[in-house]
Amino acid sequence: IRRQRQMCIRDRANTIFTNVNVFDGTSPVLYPAEVLVQGNRIKEVARGEGKQLARDGAEEVDCGGATLMPGLINTHCHMTYINAPGVPETCAVPIEEHVLISSYNAKLMLDMGFTAVIGAAAAKARLDIVIRNEIEAGRLQGPRMLACSPELTVTGGLADDSKIDSGDMKFIRDMPSISIVGDGPDEFRKIVRTMIREGADVIKFNNSGDSFCFPRCSAETNPMTDEEVRTIVETTKNMGKRLSAHAHADSGVRQCIEHEVELIYHASFANDETIEMLEKVKDKHWVTPAIAARYNTTYEAGDWGITVDVAETIGNKRELEAGCEAMAKMHKAGIKVLPFGDYGFAWIPMGTDSRDFEHFVNLMGFEPWEVLRAATAYGGEAFMGDKMGEIKEGFLSDIIIIDGDPLADITLFQDRNNILAIMKDGQFHKPFQGRAAQDCLLYTSDAADE
């Protein structure tokens, strides 16, 4: 498969994007440029008004003044969630249907401009792995993907939904959850090795609770021992794989710092001292708060029985407020705080992930260009793969074309019609076919002539 892919890349036609304004992933402004793609790489960028690249038989795409930028990178993606109102409904879906739904999600994410994702816990053990394999083999349309294990948790921790049978005091094993439950270093060592054997790129563990498991294990609670966390981390790193942690609790964030867990999810209750500790090692970590899980659950889940009062009772609203305060401090300290995460529930549906941009601007004090930098250049760093997430010579040609100026209107990404073209690995998933704004102007002009 690898040889066939390399031959395919060599055979691709060169493409020049002209008449574009570029957001390169790191600059606070757009600038006019021409961009040459050769194979699956950005070969050259001619920056400046009137600057032109040699055509040399390349296919020319005149973008009519639209914005060219790197594809979006989601570092906290639950590709196998099914927009259900809860975990039990997600887990109850038979594996055959679950694979199909996950494949539809993969295409949807690419349709919405996401050219790479990091799995943040599969709903069933091998779902992420299978979807990643099919994408890499070219049989399924979807973004580049790092496949994740299910969440690793402890008895009584987040995502342990087992119950006691009061008759014989045995666990009922037929109550599925999105986690793998272990207790003690030996059990977690075997779980990690098993998931990596099956093909997981990332091992995720839950070293805090969450308001979703109220009143059992709050988000400020850390049910994992340091010995358990150390074993998970050492085993994963010894086998050359990545780590992420569901770490709302301050002590959970500190464990991530101590054991160098690079992908820290949530971090809502990190106190000022912990934020100072994180600032000192900020180049080793990326924080993804998944703020929509808190915002949408507080204000937009009423149809599913979660009113604002309920959200306040279970602690979700407090998580939202504490998380926004902590993220604003982290951002000011130069810690890399990234958007997206936990989409795939009924009131946070898959494909609406770019709503996070508004939350980052309105709730955390980000400038629009800063949140787009986090969603592209910083996401590319967090992926830790090939050069990605920037419009720069030598970087992978994962590119989207936006109808308008996203620095002036951060909501443009929420309508897929505003995404005029999508290129992944040098091939068009969605070819450019003109700007809607131009078509509208032409139609108005024709009508006036008549």
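Just so it is clear, the model here is predicted, and its values are computed rather than measured.

### Concerning the nonpolar core
Core analysis: the biggest nonpolar cluster contains 72 residues, and Ile203, Phe205, Ile232, Met330 and Phe357 have the highest contact counts within it. Residues in contact with Ile232, not counting those within four places in the same chain, are Leu152, Phe188, Val192, Ile203, Phe205, Met224 and Leu243. Listed in part, the 21 residues of the second largest apolar core include Tyr31, Cys63, Ile391 and Ile399.

### Remarks on the packing of helix α6 (residues 226-238) against helix α7 (residues 250-259)
Orientation of α6 relative to α7, taken along the N-to-C sense of each, is 40 degrees, at an axis distance of 11 Å. Classified by the angle their axes make, α6 and α7 are oblique. α6 and α7 meet at a crossing whose hand is right-handed. Residues Asp226, Val229, Arg230, Val233 and Lys237 of α6 form the contact with α7, whose own contacting residues are Gln255, Glu258 and His259. Residues belonging to the contact of α6 with α7 are distributed by class as follows: 2 nonpolar, 2 polar and 4 charged.

### Looking at the pattern of salt bridges
Enumeration according to the criterion identifies 28 salt bridges in this entry. The salt bridge involving Lys392 is made with Glu390; its shortest N-O contact spans 3.0 Å. With relative accessibility at 38%, the residue Lys392 sits in the partly exposed group. Connected via shared salt-bridge partners are Glu34, Arg55 and Glu60.

### Details of the environment of Pro94
Within the secondary structure, Pro94 sits in the loop between α2 (87-92) and α3 (95-111). Look at Pro94 and you get partly exposed, because its relative accessible area is 42%. As for Pro94 and Glu234, which are separated by 140 residues in sequence, their C-alpha atoms are 34 Å apart.

### Remarks on the sheet that holds strand β7 (residues 114-119)
Reading across from one edge, β6-β7-β8 is the order of the 3 strands in this open sheet, with parallel pairing throughout. Each edge of the open sheet is held by one strand with a lone partner, namely β6 (72-77) and β8 (144-146). Looking at each pair of strands side by side, their axes are set apart by 15 degrees on average, direction ignored. Note that β6 and β7 share 4 bridges and pair parallel. The partner of Ile73 across the bridge, within β7, is Ala116.

Calculation criteria
Residues numbered from 1 in each chain as written. Predicted model: local features only at pLDDT ≥ 70, side-chain atom pairs only at ≥ 80, totals over all residues. Heavy atoms only, no water. Core = buried A, V, L, I, M, F, W, Y, C linked by side-chain atoms within 4.5 Å. Buried < 20%, exposed > 50% of the residue type's maximum accessible area, 1.4 Å probe, protein only. Contact = heavy atoms within 4.5 Å. Axes fitted to C-alpha atoms, helices over the stretch in contact; angles between N-to-C directions. Helix = DSSP H or I, 4+ residues; strand = E, 2+ residues; numbered from the N terminus. Parallel < 35°, antiparallel > 145°, perpendicular 65-115°, else oblique. Left-handed = near helix turned anticlockwise from the far one by under 90°. Nonpolar A, V, L, I, M, F, W, Y, C, P; charged D, E, K, R; others polar. Salt bridge = Lys/Arg side-chain N within 4 Å of Asp/Glu carboxyl O. Pairing = 2+ DSSP bridges.

Everything listed here is a matter of geometry and, on its own, says nothing about what the molecule does.
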